[in-house]
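The chain contents come next:
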Amino acid sequence: MRKSFIAQNPSVLTFLLCLAAFTLGVSLLAEGFGVGLISTSFVKTLGKTLCLCLVAIAMDLIWGYCGILSLGHFAFFGLGGYMVGMWLMYARTEIIVERSLAQGVIPPTPQEVVDGIGSQIFGVVGSSEFPVIWMASSSLTLQLLLVLLVPGLLALVFGWLAFRSRVTGVYLSILTQAMTLALALYLFQNDSGLRGNNGLSGLQNLPGVSAPQSAISLWFFWASALALALGYLLSAWVISGKFGSVIRGIRDNEARVRFLGYPVESFKLMLFTLTAMIAAIAGALYYPQAGIINPAEIAPIASIYLAVWVAIGGRGRLYGAVLGAAFVSLVSTWFTGGQAPDINLGFYTVQWVDWWQVILGLSFVLVTLFAPKGIGGLFDLLKRGDKA
């Protein structure tokens, strides 16, 4: 009798059970429905951390399992945030404009409402007209589809052009970084249609929902946990079958896999597109919890940080990517949030806000040199200890 997928991969069940226990514990202790031991702001931090774990899984699939060091996956993450942010801004502004115009004697026409929304959203960049890319912003269904379609199409076109040319190694990494930089520079322009440097703000408010932020933060936290669970399950399924064996072969010896007759470029393109869409889903859940998104979020340095998280956690292990992203995210919040006390050395005061990035970079170097398996490698030591 053939075993089920979960029975063949007990680590997946372990991860899902741990995630479920963590989600339940946070829910019971949160301000929204629990005893209030965990603040609303920290619930948002945990929700955002789960989203970062999901995009780290996407990065681990493409880098840890296929050997493609993409320095552009945070661009897909940001695009997912922009797509859902457009609907949030439109719907929230629509409510405000309708209430304002309703105070007049004559009811406003639909065009007057649209003009008012345009003035409210784009007045900050000196415009009042809706760009073409906002044509579906009034529909939540269409914008959710665009969360997948826009990053997926960009990844498909970019990947097809890069892989068919057989660009590999550091040259491919530079190309992905160049794509990210070009996208960020374009979005910084006021005529990009996405409010330039101002970005999209007020995303933490769900239009038409009167629930307090304590409840809304929990809703997004649950959605982030569900997305992480499904993303982990999908990724584990992808790497467990023949597809996973092929992409590992591409990572270890691409020429031999091609010699065996496998369409290497097609496998790369499929995985690159899939991971881009996973990253976009993570971004679509992250930025409503952050409340704002601007082009700085898509800067190349963000994708480099993503690679650092996966390396620290241990690439080539899905749970390693999760551990690395969660560890760095929470420690970063502690250091940069003013919670870590400054150290007075007499001649110099160490302020962790200024030194955190140095610590992160040093950690990446040390892990690369002395612990290439990252945090996830600790589980290997525990398994050896149990066998001993």
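All of the points below concern the structure found in this document. (Residues numbered from 1 in each chain as written. Predicted model: local features only at pLDDT ≥ 70, side-chain atom pairs only at ≥ 80, totals over all residues. Heavy atoms only, no water.)

**Examining the packing of helix α4 (residues 73-101) against helix α11 (residues 300-313)**
Our working rule: As a rule, the C-alpha atoms of each element are fitted with a line to give its axis, helices using only the stretch in contact, and angles between N-to-C directions run from 0 to 180 degrees. Comment: elements are numbered from the N terminus, with helices defined as DSSP H or I runs of at least four residues and strands as E runs of at least two. Any angle from 65 to 115 degrees is called roughly perpendicular, while one under 35 is roughly parallel, one over 145 is roughly antiparallel, and all others are oblique. Crossings are assigned a handedness: left-handed for a near helix turned anticlockwise from the far helix by less than a right angle, right-handed for a clockwise turn. Here, residues are in contact when the closest pair of their heavy atoms is within 4.5 Å. When residue character is reported, Ala, Val, Leu, Ile, Met, Phe, Trp, Tyr, Cys and Pro are called nonpolar, Asp, Glu, Lys and Arg charged, and the others, Gly included, polar.
With their axes 7 Å apart at the nearest point, α4 and α11 run at an angle of 115° to one another. Between α4 and α11, the angle falls in the class roughly perpendicular. Considering how the two elements wind past one another, α4 and α11 form a crossing that is right-handed. Contact with α4, carried on its side by H73, F74 and A75, involves A302, S303, L306 and W309 of α11 and no other residues of that element. Per-class residue counts for the contact of α4 with α11 are five nonpolar, two polar and no charged.

**Describing the environment of L234**
Basically, it comes down to this: Buried, partly exposed and exposed residues are distinguished by accessible area as a fraction of the type maximum, computed with a 1.4 Å probe on protein chains only: under 20%, between the cut-offs, and over 50%, respectively.
Inspection of the secondary structure assignment puts L234 in helix α8 (residues 213-240). Using a relative accessible area of 34% as the deciding quantity, one classes L234 as partly exposed. Between the alpha carbons of L234 and M83 there is a distance of 23 Å; along the sequence they are 151 residues apart. The contacts of L234, once residues within four sequence positions are left out, are L274 and I278.

**Notes on the nonpolar core**
As a reminder, the rule being used: Remark: nonpolar core denotes a set of buried residues (Ala, Val, Leu, Ile, Met, Phe, Trp, Tyr, Cys) joined through side-chain atoms within 4.5 Å.
Core analysis: the largest hydrophobic core is formed by 112 residues, its most contacted members being F74, F77, Y82, W134, L200, L228 and L318. Considering each element in turn, this core owes the most residues, 16 residues, to helix α3 (residues 40-65). Beyond its immediate sequence surroundings of up to four residues, Y82 is in contact with L187, L194, G199, L200, I293, N294, P295 and I298.

**Quick look at the environment of P110**
Position of P110 relative to the elements: it lies in helix α5 (residues 110-122). The exposure class assigned to P110 is exposed, which follows from its relative accessible area of 67%. With 46 residues separating them along the chain, P110 and L156 place their C-alpha atoms 38 Å apart.

**Considerations on α11**
Rule in force here: Here a helix's expected span is defined as the number of its residues, less one, multiplied by 1.5 Å.
Taking 1.5 Å of rise per residue, 14 residues should cover 20 Å, and α11 covers 21 Å from first to last C-alpha, within 8% of that figure. With eleven of its 14 residues buried, α11 lies for the most part within the structure. Within α11 the residues assigned to the buried category are P300, A302, S303, L306, A307, V308, W309, V310, A311, I312 and G313. Of the surrounding elements, those touching the buried residues of α11 are α3, α4, α7 (169-188), α12 (318-336) and α13 (352-370).

**Concerning the packing of α3 against α8**
Close contact between α3 and α8 brings their axes to 8 Å; oriented N to C, the two are set at 15°. When the axis of α3 is compared with that of α8, the two are roughly parallel. In terms of crossing hand, the pair formed by α3 and α8 is left-handed. For the contact of α3 with α8, the per-class residue count stands at 16 nonpolar, eight polar and one charged.

**What to know about the pattern of salt bridges**
Worth spelling out the cut-off: By definition, a salt bridge exists where a carboxyl oxygen of Asp or Glu is found within 4 Å of a side-chain nitrogen of Lys or Arg.
Tallied over the entire structure, the rule returns five salt bridges. Across the salt bridge formed by R166 and E265, the nearest N and O atoms sit 3.6 Å from each other. You can see R166 sitting in the loop between α6 (140-164) and α7 and its partner E265 sitting in helix α10 (residues 264-290), a full 99 residues away along the chain. Note on R166: relative accessible area 53%, which makes it exposed.

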